[in-house]
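Fold and geometry: a report
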Amino acid sequence: NGLDRLSQGFLVKVDRASMAYSVEARTPFLDPKILSFINQLSLGVLTHNERKALPKNLLKRAINSSQIKRKKLGFTPPLSLWLKRKSFRDWAYHLLCNQNLIVHELMDKKIIDLLFRKQLSGYDETTRIFRLLSLNYWDLRDKKL
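Described below are features of the structure shown in this document. Please read these numbers as outputs of a predicted model, since none were measured by experiment. Each chain carries its own residue numbering, running from 1 in the direction its sequence is written. Local features are withheld for residues below a pLDDT of 70 in this predicted model, meaning they are given only at 70 or higher, and side-chain atom pairs are given and counted only at 80 or more; totals for whole chains, interfaces and linings count all residues. Neither water nor hydrogens contribute to the side-chain values; these are computed over all heavy atoms in the structure.

Some thoughts on the overall build of the protein
Where we set the bar: The helix and strand labels rest on DSSP assignments: H or I over at least four residues marks a helix, E over at least two residues marks a strand, and numbering proceeds from the N terminus. Think of it in three bands: with a 1.4 Å probe and only protein chains considered, a residue is buried below 20% of the maximum accessible area for its type, exposed above 50%, and partly exposed in between. In what follows, a contact means two residues having at least one pair of non-hydrogen atoms within 4.5 Å. We get accessible surface area from the Shrake-Rupley algorithm with a probe of 1.4 Å; when it comes to residues, only the shown protein chains can shield them.
When helices and strands are tallied, the protein shows 10 helices and 0 strands. Counting from the amino terminus, helix and strand elements in the protein follow one another as α-α-α-α-α-α-α-α-α-α. Split into buried and exposed, the 145 residues of the protein put 21% on the buried side. In the protein, of all internal contacts separated by at least 6 residues, the share reaching a separation of at least 24 is 49%. Working note: accessible area of the protein is about 11800 Å², and carbon and sulfur atoms make up 57% of it.

Points about the side chain of Arg-89
Spelled out, the test is: In summary, the charge assignment counts Lys and Arg as positive and Asp and Glu as negative, without counting His or the chain termini. Salt bridges are counted wherever a side-chain nitrogen of Lys or Arg sits within 4 Å of a carboxyl oxygen of Asp or Glu.
Of note, Arg-89 is situated in helix H7 (residues 86-96). Despite its burial, Arg-89 remains without a salt bridge, the nearest opposite charge being carried by Asp-90 at 5.0 Å. With sequence-adjacent residues up to four places away left out, Arg-89 is seen in contact with Trp-82, Leu-83, Lys-84, Phe-116 and Leu-120.

Quick notes on the pattern of salt bridges
This structure, assessed with the given rule, holds 4 salt bridges. Among the salt bridges present, the one from Lys-118 reaches Glu-125, with a minimum N-O distance of 3.0 Å. Glu-125 gets classed as buried once you look at its relative accessible area, which sits at 2%. Between Arg-128 and Glu-125 there is a salt bridge whose closest N-O contact spans 2.8 Å. Judged by its relative accessible area of 48%, Arg-128 is partly exposed. One salt-bridge network, in which partners are shared between bridges, spans Lys-118, Glu-125 and Arg-128.

Here you go:
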């Protein structure tokens, strides 16, 4: 049956892939007991004209309702704070200057030097530096350094 195929094949793959990249894939909601319970409920009970009404109502018993109603928050790492630390800044600079990686092929070292000088002088180049670090990390996936 379809649920067996999910639990024995696809979910294992989703679980492994998501754990490898620290991503929450929410597969626990596919538990057969939960699905059986949900199938017995009417659409009105599930929605109450609100998305995710049932889980929200259950959570109201355990946490403050203001937490349930708040808008989504993304995760923003404190990169600008990290770049203020010399050890992180040095690590980032050396990774961006690595001659075996893609940023070196795409950008002159003078531009990388300029980005870091501007960052140190108070101009926020965090986003550019982070994007370049991400590009280099993407390029690292198939290389042995």
